[in-house]
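# Inside the fold
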Amino acid sequence: AAEGGKRGTDDEKKSPLRELLEDLFPSHAFKKWLSIATSLTLDSCNVLARRFRRGKDFSLATGYREEKARIELTLGITPTSGWDADGDADDEQGLKERGMERSDADVGGYEMYYAEEDDDEGEDDEDAVDDDGDPGKDEKQRKKKKAKSDPAIYRSSSADEEGANVLFSSHAAWNSLSIVLRDQGVLRFVKYVSRQAPGDRWDVTGEWGVAEAEGF
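Let me begin by describing the structure that accompanies this report. If you're wondering where the values come from, they're calculated on a predicted model, not measured in any experiment. (Residues numbered from 1 in each chain as written. Predicted model: local features only at pLDDT ≥ 70, side-chain atom pairs only at ≥ 80, totals over all residues. Heavy atoms only, no water.)

Attention now moves to unusual backbone geometry. Glycine aside, residues mostly have negative phi, and peptide bonds are mostly found in the trans state. In this structure, S39 takes a positive phi of about 60° despite not being glycine. Checked against the element boundaries, S39 lands in the loop between α3 (28–38) and β1 (41–52). What makes S39 exposed here is its relative accessible area of 65%. Within the chain, N175 stands out as a residue other than glycine whose phi angle is a positive 60°. Summarising the element assignment, N175 is placed in strand β6 (residues 174–182). (Helix = DSSP H or I, 4+ residues; strand = E, 2+ residues; numbered from the N terminus. Buried < 20%, exposed > 50% of the residue type's maximum accessible area, 1.4 Å probe, protein only.)

Structure below.
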C-alpha cells in the first residue's frame with residue numbers, strides 16, 4: 001500500500017513546464033523580483049506556453065491600445081540550435097548539420113517589437129483631392145484606410161528593412177529571457193517558422209500590468 005501511494009505521488013508530480021506556468025511565474029515571489037528588476041509596481045498576471053510549428057505557425061502583428069503600459073516577458077525554451085544567423089558556435093554547428101550557410105539562415109521564428117507608423121497624417125488632404133463622387137474610388141479608399149489602421153497587417157517598408165522601426169528582436173533559443181516594457185504604438189509578432197528551421201519554436205510568455213509608472 002505504501003508503494004502504491006508513492007507511485008501515485010510520482011504520477012502527480014508536475015512537469016517543469018507546468019511548474020513554470022502554475023507555480024513560478026504567477027507567484028508573489030517572482031512578481032516581487034520582476035518589480036525590483038524593472039523598478040515598477042506590477043499587478044495582474046497572465047502566463048501562456050506557446051509552440052510555433054516548423055512550416056506552419058506564426059503570430060499576427062498586434063497593437064497595444066491600453067492606457068497603462070505593461071511588462072511582457074518571454075522565456076525561450078527551444079531545444080534546437082541554428083536559429084540565429086549572427087549566432088554563436090552552437091548555431092554555426094546547427095547550420096552545418098542542415099547544410100546551410102549564414103546567408104541562408106533566416107528561418108524565421110523570431111519575435112519582434114517595432115514602432116507603429118503614424119498613417120493619419122495627410123489622409124484628410126487625400127480625401128479632399130480624390131473625392132470626385134466616384135463610389136468605386138471611395139470604396140477603394142476605405143479599404144486602403146482599413147488596411148493602414150489594422151495592426152494585424154504587417155507592411156514591410158524601407159524603414160523596416162533598415163531596422164529604423166525595430167525596437168527589439170529575439171531569436172528562438174534555449175534558456176533565454178527577455179523583458180519588455182510595452183506601451184501604446186508598439187506592435188509585436190512572431191515571424192513565420194520556415195520549413196528549413198531546425199525545429200519548432202517553444203517559449204513561455206507572461207504579461208504583467210503596470211500599476212504605477214512615471215510617465216505612463
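Picking up where we left off.
In a beta sheet, neighbouring strands are held together by backbone hydrogen bonds and run either parallel or antiparallel to one another. A sheet is described by the order of its strands in space; here four strands give the open sequence β2-β7-β4-β5, paired in antiparallel fashion. Either end of the sheet is taken by a strand with one partner, and the two such strands are β2 (59–62) and β5 (166–170). Within this sheet the neighbouring strands show an average axis-to-axis angle of 10°, counted without direction. Bridge analysis of strand β4 (residues 111–115) against strand β7 (residues 186–190) gives five bridges, and the strand direction is antiparallel. (Pairing = 2+ DSSP bridges. Axes fitted to C-alpha atoms, helices over the stretch in contact; angles between N-to-C directions.)

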